Amino acid sequence: MRRGPFRDGVFTSALHEPRTAVVLGRWLGGALLVCFLTGLTSHLLQNPPTWLAGMLPSRPVDGYRVTQGLHVISGVAAIPLTGAKLWTVYPRLFEWPPARSALHALERLGIAVLVAAVLLELFTGLLNTLQWYPWPFPFRQTHFWLGWLATGGLLVHLAVKAPLVARHWRRAQAPAVAGRRGFLASVGVAVGAVTLTTAGQTVPWLRAVDLLAPRRPGSGPRGLPVNRTAAQAGTVAVPADWQLEVDGPRPFRLTLAELRELPQYEAVLPIACVEGWSVSARWSGVRVADLLARAGAPPGSAVRVTSLEAEGPFRVMEMPAPYAEDPLTLLALALDDEVLSPDHGFPARIIAPNRPGVLQTKWVARIEVVR
Ligand SMILES: Nc1nc2c(c(=O)[nH]1)N[C@H]1C(S)=C(S)[C@@H](COP(=O)(O)O)O[C@H]1N2
Ligand SMILES: [Mo]
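Residues numbered from 1 in each chain as written. Chains lettered and ligands numbered in written order. Predicted model: local features only at pLDDT ≥ 70, side-chain atom pairs only at ≥ 80, totals over all residues. Heavy atoms only, no water.

## Here's the deal with the overall build of the chain
Across its full length, the chain holds nine helices and ten strands. Dimensions of the chain along its principal axes, counting C-alpha atoms only, are 80 × 45 × 35 Å. Pairs at least 24 residues apart make up 70% of the contacts formed inside the chain by residues separated by at least 6 positions. When the accessible area of the chain is evaluated, it comes to approximately 18,400 Å², of which 66% is carbon and sulfur surface. For the chain, the distance from the average position of its 36 positive side-chain charges to the average position of its 25 negative side-chain charges is 14 Å. (Helix = DSSP H or I, 4+ residues; strand = E, 2+ residues; numbered from the N terminus. Contact = heavy atoms within 4.5 Å. Areas by Shrake-Rupley, 256 points an atom, 1.4 Å probe, with all protein chains shown as cover. Lys, Arg positive; Asp, Glu negative; His and termini not counted. Charge placed at Lys NZ, Arg CZ, Asp CG, Glu CD.)

So, in C-alpha cells, the structure goes:
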C-alpha cells in the first residue's frame, strides 16, 4: 500500500519541522492579515452598505492609495511565503494512515480548503494586477468570498495548531536544526526582492527599482498610466455638441465652454487603481459641490455619475455625500493645465479624494442628485 511518497523516510530534509513552519507561519499570517483587512476596506469603499455610505471619509486624500498599495504589496509578498510554508509542511500530505480518526480527517479537510482558498486567492489576485481575467466569474465577488473562506480556514487551522505553535514560538524552546537560519534568511531575501521590485508602482521612492510590476507609473499621456483607453471602452463617442447634464431639483446643462467659465479649482490627487499602481497628479476643473448647489441639491445628497461609455462595469458610479461635498472633488477638465486627453477622460472626468481608481469616472455625460 505505501508506495512513493507514502513510504517512511522519503523526505530527508531536516527543515520539514515545526519551528520553521511556525516562523514562516508568522510572516505569512502577518501578510495575509494586512491583505485581508485592506481588501475588506477596498470592498467596502466600492460597495458600501447603505448605512455606511454616508459615513465614508473623504480624507486622508491618499488613504486608498495606501491601503490598496498595502493590499497588493502584502499579497505579492504572500506568494513566496506561501511557497516556502507549503514546502516546509508538504510531507504531511503523505501522512500514513491518511486519517487516524474522524476528527483528524476533518482537520485535514479544513487544511485542504485553507490551502486551496489561499492559492486561488493569491493566483486570481496576481492575475488581476496584470489585468488578465481568463475566467468566467466576476473577479471582485469571487476574490471577496475566497478571502473570507481563507480567513475562516486560517482561524480554524490556528486553533487546531495552537498547542504546537506555542511549543515552538520561541527559538530557545525549539531544537536546533542545521540550515534553518539559512533557509529562513533566503526566504526573507526572496520576499524582500519581490516586494522591492514591485512596490514602486505605488511607493514613489521605490520607483527606480520598479522592475517587475506590471505598470510603470510614468507611462501614459502626461506620465499618468491609463487602465482602459477610450478605444478599449468602445471608442467613446464625444458628440461635437457635448453638454454636461446635471439632474436635480433644478436641472441644467452646460457646454464645455460654459463649464470653463465657472470658478476653476485645482486639486493634487492620486489615481489609485485597485490593481496596485497609483500616481498623483494635478487636476483642475469645477467643484462637484458647486454643480450640486446650482442644481438645488439638499445638503447630504449623494450623486450618480454616468459616463458616455456605451457599456462596461464602470459606466455608472455612485458617490456618497462625503465625497460629493468635499471641496477637492472635481469634475476635472484638465490635467497639469492641459485639456484632458481622450484616454484620461475628455471632455470631463471625476476626481475625488480617498477613492478607488475604478470610481474616478472618465468621459462624464451626466451627474444626477440622489438622496
Ligand atoms: N468611464 C470609465 N471610467 C473609468 C474607467 C473605465 O473603464 N470607464 N476605468 C477606471 C479605472 S479602473 C481607473 S484605475 C481610472 C484610471 O484613470 P486614468 O486612465 O486616467 O489613469 O479610471 C477609471 N475610470
Ligand atoms: Mo483601476
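## Concerning the site of ligand 1
As a structural note, the neighbourhood of ligand 1 is formed by 20 residues, with Pro225, Glu309, His344, Arg349 and Lys362 the closest of them. In the model, an oxygen atom of ligand 1 is placed 2.5 Å from a nitrogen or oxygen of the arginine 349 side chain. The protein chains hide 99% of the 530 Å² of surface that ligand 1 would expose on its own. (Near = heavy atom within 4 Å. Polar contact = N/O pair within 3.5 Å; in protein donor to acceptor, adjacent residues only side chain to side chain.)

## Considering unusual backbone geometry
A cis amide bond, omega -5°, links arginine 59 with the succeeding residue proline 60. For proline 60, the position within the fold is in the loop between helix H2 (50-53) and helix H3 (63-89). Following tryptophan 96, the chain continues into proline 97 via a peptide bond in cis, with omega recorded as -5°. Mapped onto the fold, proline 97 is located in the loop between H3 and helix H4 (102-129). A positive phi angle is found at asparagine 354, which is not glycine, with a value near 55°. Look at asparagine 354 and you get buried, because its relative accessible area is 7%. A positive phi angle, near 55°, is found at tryptophan 363, a position not held by glycine. Structurally, tryptophan 363 can be placed in the loop between strand S9 (349-351) and strand S10 (364-370). The buried category is assigned to tryptophan 363, whose relative accessible area is 3%. (Buried < 20%, exposed > 50% of the residue type's maximum accessible area, 1.4 Å probe, protein only.)

## Brief notes about a nonpolar patch on the surface
Taken together, Leu103, Leu106, Leu109, Val113 and Leu149 make up a surface patch of nonpolar side chains, about 500 Å² in accessible area. Checked against the element boundaries, valine 113 lands in helix H4. Overall, the relative accessible area of 38% leaves valine 113 in the partly exposed class. (Patch = residues over 30% accessible without salt bridge, like charges linked within 9 Å, V, L, I, M, F, W, Y side chains within 5 Å. Salt bridge = Lys/Arg side-chain N within 4 Å of Asp/Glu carboxyl O.)

## Topic: the packing of H4 against helix H5 (residues 139-167)
Packing of H4 against H5 brings their axes to within 8 Å, and their N-to-C directions diverge by 145°. The chirality of how H4 crosses H5 is left-handed. Contacts between H4 and H5 involve Glu107, Ile111, Val113, Leu114, Ala117, Val118, Leu120, Glu121, Thr124, Gly125 and Asn128 from the first element and Phe139, Thr142, His143, Leu146, Gly147, Leu149, Ala150, Gly153, Leu154, His157, Val160 and Lys161 from the second. Of the residues contributing to the contact of H4 with H5, the split by class is twelve nonpolar, eight polar and three charged. (Axes fitted to C-alpha atoms, helices over the stretch in contact; angles between N-to-C directions. Left-handed = near helix turned anticlockwise from the far one by under 90°. Nonpolar A, V, L, I, M, F, W, Y, C, P; charged D, E, K, R; others polar.)

## Examining the packing of aromatic side chains
All chains considered together, the criterion is met by 13 aromatic pairs. Seen in terms of ring centroids, phenylalanine 6 and tryptophan 96 are 5.4 Å apart; in terms of plane orientation they differ by 75°. Their pairing is edge-to-face. A residue pair is termed long-range when its members are at least 10 positions apart, and phenylalanine 6 in the segment before helix H1 (18-46) and tryptophan 96 in the loop between H3 and H4 qualify at 90 residues. Taking the centre distance of 5.2 Å and the plane angle of 80° together, the rings of phenylalanine 11 and tyrosine 90 count as edge-to-face. Taken together, the residues phenylalanine 11 in the segment before H1 and tyrosine 90 in the loop between H3 and H4 connect sequence positions 79 residues apart. A relative accessible area of 25% places phenylalanine 11 in the partly exposed class. Following the ring pairs from residue to residue traces out a cluster consisting of Phe6, Phe11, Tyr90, Phe94 and Trp96. The lysine or arginine in question, arginine 294, covers the ring of phenylalanine 252, its NZ or CZ lying 4.8 Å from the ring centre. (Phe/Tyr/Trp six-rings, centres within 6.5 Å; stacked < 30°, edge-to-face > 60°. Lys NZ or Arg CZ within 6 Å of the ring centre and 35° of its normal.)

## So, the domain arrangement of the chain
Here the chain is described as being made up of domain 1 (18-209) and domain 2 (222-370). Centre-to-centre, using C-alpha coordinates, domain 1 lies 35 Å away from domain 2. Each side of the interface is counted separately: domain 1 has 25 residues, and domain 2 has 25 residues. Of the roughly 2,000 Å² buried where domain 1 meets domain 2, counting both sides, 51% is carbon and sulfur surface. Taken together, the links from domain 1 to domain 2 amount to one salt bridge. A salt bridge links arginine 59 to aspartate 326, with the nearest nitrogen and oxygen atoms 2.8 Å apart. In this structure, the connection of domain 1 to domain 2 is made through eleven residue pairs in polar contact (both at pLDDT 80 or more). Of all elements in the fold, only H1, H3 and H4 reach the threshold of two or more residues within the side of domain 1 that touches domain 2. (Domains from an automatic or database assignment. Buried area = accessible area lost by both parts, 1.4 Å probe.)

## Side note on the state of the cysteines
Taken as a whole and judged by the stated rule, the model has zero disulfides. Between cysteine 35, a cysteine without a disulfide, and cysteine 273, which holds the nearest cysteine sulfur, the sulfur-to-sulfur distance is 15 Å. Look at cysteine 273 and you get buried, because its relative accessible area is 5%. (Disulfide = S-S within 2.5 Å.)

## Focus: helix H6 (residues 180-198)
For H6, built from 19 residues, the straight-helix expectation of 27 Å at 1.5 Å per residue is met to within 8% by its first-to-last C-alpha distance of 27 Å. Turning to H6, its buried residues are Arg180, Phe183, Leu184, Val187, Val191, Thr197 and Thr198. Tucked into the core, H6 has its buried residues touching H1 and H3. (Expected span 1.5 Å × (residues − 1).)

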